[in-house]
Amino acid sequence: QVQLVESGGGAVQAGGSLRLSCAASGSFSGIETMGWYRQAPGKQRELVAAITSGGSTNYADSVKGRFTISRDNSKNTVSLQMNSLKPEDTAVYYCNADHFPPRGSRSWGQGTQVTVSS
């Protein structure tokens, strides 16, 4: 019912910046929360940042002050501006959306690779 497609990943040097974007499409009526998760090899998938329909945000401690999440007025796209990137930010980044109908639905994007070199 909902498809999420990420873009903007790539390889950068430490201290550089990337901007990830995610576009939602399908037959949904609305999206309550959108966020970004990441997963590095051998590690658990972790929340990076999330934003509600009301604009409230939540960030992982490791990215606070460096990453900024935003969404457009249609509430079906979300972006993650990543500044001052560190090698430990290297991971596959996944877009997430909690949407309706039906209530309680959750969808995931296919992931986009971010690689940060020293």
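For the structure, check the block above.
Now for a description of the structure that goes with this document. Keep in mind it's a predicted model, so treat the numbers as computed, not measured. (Residues numbered from 1 in each chain as written. Predicted model: local features only at pLDDT ≥ 70, side-chain atom pairs only at ≥ 80, totals over all residues. Heavy atoms only, no water.)

Some points on unusual backbone geometry
Under the convention used in this document: In DSSP terms, a helix is any run of H or I states spanning at least four residues, a strand is any run of E spanning at least two, and both are numbered starting from the N terminus. The rule is simple: take the accessible area with a 1.4 Å probe, protein chains only, and divide by the maximum for that residue type; under 20% is buried, over 50% is exposed, in between is partly exposed.
Looking along the chain, the bond that leaves F100 and enters P101 is cis, with omega of -10°. Turning to its location among the elements, P101 is positioned in the loop between β9 (91-100) and β10 (105-108). With an omega dihedral of -15°, the bond running from P101 to P102 counts as a cis peptide bond. Tracing the backbone shows P102 in the loop between β9 and β10. Residues other than glycine seldom take positive phi values, yet S84 does so here, at roughly 50°. Residue placement: S84 occurs in the loop between β8 (77-82) and β9. Judged by its relative accessible area of 40%, S84 falls in the partly exposed class.

Observations concerning the pattern of salt bridges
Two side chains with opposite charge may pair up if their charged atoms get near one another. To keep it simple, the criterion reads: We define a salt bridge as a side-chain nitrogen of Lys or Arg found within 4 Å of a carboxyl oxygen belonging to Asp or Glu.
In total, this model carries six salt bridges according to the counting rule given. E32 is the salt-bridge partner of R103, the closest N and O atoms lying 2.8 Å from each other. Pair noted here: R103 is in the loop between β9 and β10 and E32 is in strand β4 (residues 30-39), with a separation of 71 residues, a long-range link. Two residues, K64 and D61, come together in a salt bridge whose shortest N-O distance is 3.0 Å. A single network of salt bridges, built from pairs that share partners, joins R38, E46, R66 and D89.

A closer look at the sheet that holds strand β7 (residues 67-71)
Backbone-to-backbone hydrogen bonds join strands into a sheet, with any given pair of strands oriented parallel or antiparallel. Applied cut-off: Between any two strands, at least two bridges found by DSSP are needed for them to pair. Every axis corresponds to a line fitted to the C-alpha atoms, with the helix fit spanning only the stretch in contact, and the corresponding angles, defined between N-to-C directions, vary from 0 to 180 degrees.
Ordered by their spatial adjacency, four strands build an open sheet running β1-β3-β8-β7, and the pairing between neighbours is antiparallel. The strands lining the two open edges of the sheet, one partner per strand, are β1 (2-7) and β7. Neighbour-to-neighbour, the strand axes of the sheet open up by a mean angle of 15°, direction not taken into account. As defined by bridge partners, β7 adjoins β8 across five bridges and the pair is classed as antiparallel. Residue pairing in the sheet places S70 in a bridge with S79 of β8.

Structural notes on the packing of aromatic side chains
Stated precisely, the cut-off is as follows: In this scheme Phe, Tyr and Trp rings, the latter by its six-membered ring, pair at centre separations within 6.5 Å, and the angle between planes marks the pair as stacked below 30 degrees, edge-to-face above 60, and tilted otherwise. Lysine and arginine charges are scored as sitting over a ring when NZ or CZ, respectively, is within 6 Å of the ring centre and within 35 degrees of the ring normal.
Following the criterion strictly, the structure yields one aromatic pair and no others. Relative to W108, the ring of Y37 lies with its centre 4.9 Å away and its plane at 70°, an arrangement referred to as edge-to-face. Of this pair, Y37 sits in strand β4 while W108 sits in strand β10, placing them 71 residues apart in sequence. Classification of Y37 as buried rests on a relative accessible area of 17%. Against the face of W108 rests R45, its NZ or CZ located 4.8 Å from the ring centre. One cation-aromatic arrangement involves R103 over F100; the distance from NZ or CZ to the ring centre is 4.0 Å.

What to know about the side chain of D89
Under the convention used in this document: Contacts between residues were defined by any pair of non-hydrogen atoms, one from each residue, lying within 4.5 Å.
Tracing the backbone shows D89 in the loop between β8 and β9. Those residues within four positions of D89 in sequence are excluded, and the remaining contacts are R38, V63, R66, F67, S84, V114 and V116.

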